[in-house]
Amino acid sequence: MGLSVTLSNALSGMDVNQRSLDIVSRNVANSGTPGYHRQSVALIDNYRGTSSSVRVAQIQRAYVQSLESQTQRETSLMGALDVRTEFLGRLELLLGKPGDINSLDTQLANFKGALQQMATSPEDFVARADVVDRAQSMAESLNFLSRSVQGMRQETESQIFTHVSDLNQNLELLSKINQELMDTTKVDDTRLSIMDDRDRLLAQVSELIDINVQYNDNGTINVMTKTGVGLLDGEKHSTFKFENAGSLSPTSLYDVDPATSGVGTLKVVTPANLEIDVVAHDLLTSGRISSLLDLRDNRLVTAQDQLDEIAAGLAQAMSTIDTEGTAVSAGGEDGFEADLGNMLPGNSFTVKYEVGGAQQTVRVVRVDDASKLPMDSTDENGLRTIGLDFSGGIGAVATDLNAALGAAVTVSNPAGDVLRIMDDGVADTSDIHSMVVQTTATGTQDGGLGMSLFVDTSGAFTNSLDGVSQKRGFALRMMVNQEVVADNSLLVQHSTSPLTPIGDSDRPNYLVDRLNSMTFRAESAAQGQGAFRLNGSVEEIVRQTLNYQGNDIATTKQAHEHQGKLIQTLEMRAEDAYGVDIDKEMGKLLQLQNAYAANARVMSIAQELLDRLMQAF
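Residues numbered from 1 in each chain as written. Predicted model: local features only at pLDDT ≥ 70, side-chain atom pairs only at ≥ 80, totals over all residues. Heavy atoms only, no water.

**Some words on the sheet that holds strand β22 (residues 479-480)**
As summarised here, the arrangement of the 3 strands in space is β21-β20-β22, forming an open sheet in which the pairing is antiparallel. The open sheet terminates on both sides in strands that have one partner only, identified here as β21 (459-460) and β22. With 2 bridges connecting them, strand β20 (residues 454-456) and β21 associate as antiparallel partners. Bridge pairing links V455 to A460 in β21. (Pairing = 2+ DSSP bridges. Helix = DSSP H or I, 4+ residues; strand = E, 2+ residues; numbered from the N terminus.)

Right under this line is the structure:
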């Protein structure tokens, strides 16, 4: 091997050492940089005749695609759980835990205790005043909780707006990175730095939405949602658009029809200018934005619905008058009749009967809004609910109900506002067992023992279904009847002619009994935990609400904790796969320094030999 070859090999070795030293220095300098992937030098042998040397083939970047894909998936789930844990944790603080001094069950227990004390001493002004105070405290608590829930829903929209802006910015940056990676003239050092930026941006995107990433040989990527909507293809990217709805109220609900939807709309516009409604097509399955949408449209709506059920139950327990139907017989047929003249929209009557030995229970609700009809459904307990329009008179109600109940039962309007329900007489295939009419006492006196203690801003609460359901948002509007606030004797004196004695306990006892015994059933199941539906007395509904929300919060916290451990495990795996070990890098540095010194020594000796040869001539 000649001196020229020796010098060439030494120079080649020094070049490799210098490149390797640069990489080691870069690794050490970026050891604490988030998202940095450890780099290394790939070497190949260079043969020339009988001589061989080494040269740098390329700069490599530590990378495990399967680990990246799993990290993106779990980061999306973590982002969703981060949001849900934050909001539900705040809801937990607002609702309080059962037995807390300001929790709903404690507030209700205080109101119930005040009613019982008034029943014992109805003539005591202080006892009556305490009932008014406790009632106002209950109403104000429900008002505050409703405002807070709607405030959180409003906050979800603000966060969605911010996240959409970040998401669009990141998608635009990724499209620019794709353009740079398509440039084959860029050196390895630059390309690897760009890939680090690419993966950092993908991590940020995956926290906001769930994504699938396709990695191409040249380092470029294609990105789509888990549901298959393309977000990035080469230099082209989709754009998300969010139109904030402004102030949200309990009646501001999502609807697939944009004309009737009361919340902000989130759409994605593809490079082909195709606009897709993200919520209507359920495009997102995890990530922060998906969780915010779920909170706005489902979980916080459920919380509001439950507060409304509590408020409605309180109002109806105080104001509902039950009137038993009168037993009648005619032409061999038996049944019941009742005057429905006092039934208001939302009021109902219930009939229990049997046909062919099968027990039937039908609840007929007054619904004068034609857009809500026909209404006929049967719940899992066999209770059939029928909505009928009373505006055409009781004769029309009888005709409609006859058609709904079948030939074994006869419904008629014998006179005025009286509705009569009879069995089939001698055929003996049906029997009418009972008929109970539930009406609302809209005032404070001369309407029976019930009273309109809790009212809506528009007046008495009748649970009307016409237009926007009166129950929707009632917890936000609920207040104590100002007549009672001004004169607490109305809690006792239910009649003006003759005037009820101030020491009479009939109304207080009635209110206590109704609060304990009157039962309710939510019209719709809660969204998020199967088909759970509130039912029972007001006290039971309050307890079920606290338990439901408590379980949801506990489940979310447990899932969040588990996901946090999984993310930590992935971070440790990433650190092992990509991270920089300072000790190892320093060891490499010593080896490279020794190798550099050895190559330098070879060059020095070669130089001395060349000098001697030149001197010889």
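More follows now that the structure is in view.
**Overview of the packing of helix α4 (residues 125-182) against helix α6 (residues 288-319)**
When two helices pack together, you describe them by how their axes are tilted relative to each other and by the distance separating the axes. Relative to each other, α4 and α6 sit at 170 degrees, their axes nearing to 10 Å. The angle between α4 and α6 falls in the class roughly antiparallel. In terms of residue class, the contact of α4 with α6 is built from 19 nonpolar, 6 polar and 4 charged. (Axes fitted to C-alpha atoms, helices over the stretch in contact; angles between N-to-C directions. Parallel < 35°, antiparallel > 145°, perpendicular 65-115°, else oblique. Nonpolar A, V, L, I, M, F, W, Y, C, P; charged D, E, K, R; others polar.)

**With respect to the packing of aromatic side chains**
Inspection of the entire model under this criterion finds 4 aromatic pairs. With a centroid separation of 6.4 Å and an interplanar angle of 15 degrees, the aromatic rings of Y63 and Y578 are classed as stacked. Taken together, the positions of Y63 in the loop between β2 (51-61) and α2 (65-95) and Y578 in helix α11 (residues 538-578) put the pair 515 residues apart, joining distant regions of the chain. A residue is classified by how much of its surface remains accessible, and Y63, at 27% relative accessible area, is partly exposed. Y578 gets classed as buried once you look at its relative accessible area, which sits at 5%. Put simply, the rings of Y63, Y215 and Y578 pair up and form one aromatic cluster. Between R90 and the ring centre of F87, over which it is positioned, the NZ or CZ distance is 5.0 Å. (Phe/Tyr/Trp six-rings, centres within 6.5 Å; stacked < 30°, edge-to-face > 60°. Buried < 20%, exposed > 50% of the residue type's maximum accessible area, 1.4 Å probe, protein only. Lys NZ or Arg CZ within 6 Å of the ring centre and 35° of its normal.)

**What to know about the side chain of S489**
Structurally, S489 can be placed in the loop between α9 (482-486) and α10 (506-517). Beyond its immediate stretch of four places on either side in the chain, S489 contacts R128 and I502. (Contact = heavy atoms within 4.5 Å.)

**What to know about unusual backbone geometry**
The omega torsion across L373 and P374 is 0 degrees, close enough to zero to call that bond cis. Looking at the secondary structure, you find P374 in the loop between β14 (358-366) and β15 (375-378). P498 follows S497 through a cis peptide bond whose omega is -5 degrees. Residue placement: P498 occurs in the loop between α9 and α10. For D446, which is not glycine, the phi torsion reads 60 degrees and is therefore positive.

**Focus: the nonpolar core**
Counting 93 residues, the largest nonpolar core has F111, I209, F240, L314 and F454 as its most contacted members. Counting residues per element, this core draws most heavily on α4, at 16 residues. Discounting chain neighbours no more than four positions away, the residues touching F111 are V131, R134, A135, L314, M318, L453, F454 and L515. Residues I394, V397, L401 and I421 belong to the second largest nonpolar core, which totals 24 residues. (Core = buried A, V, L, I, M, F, W, Y, C linked by side-chain atoms within 4.5 Å.)

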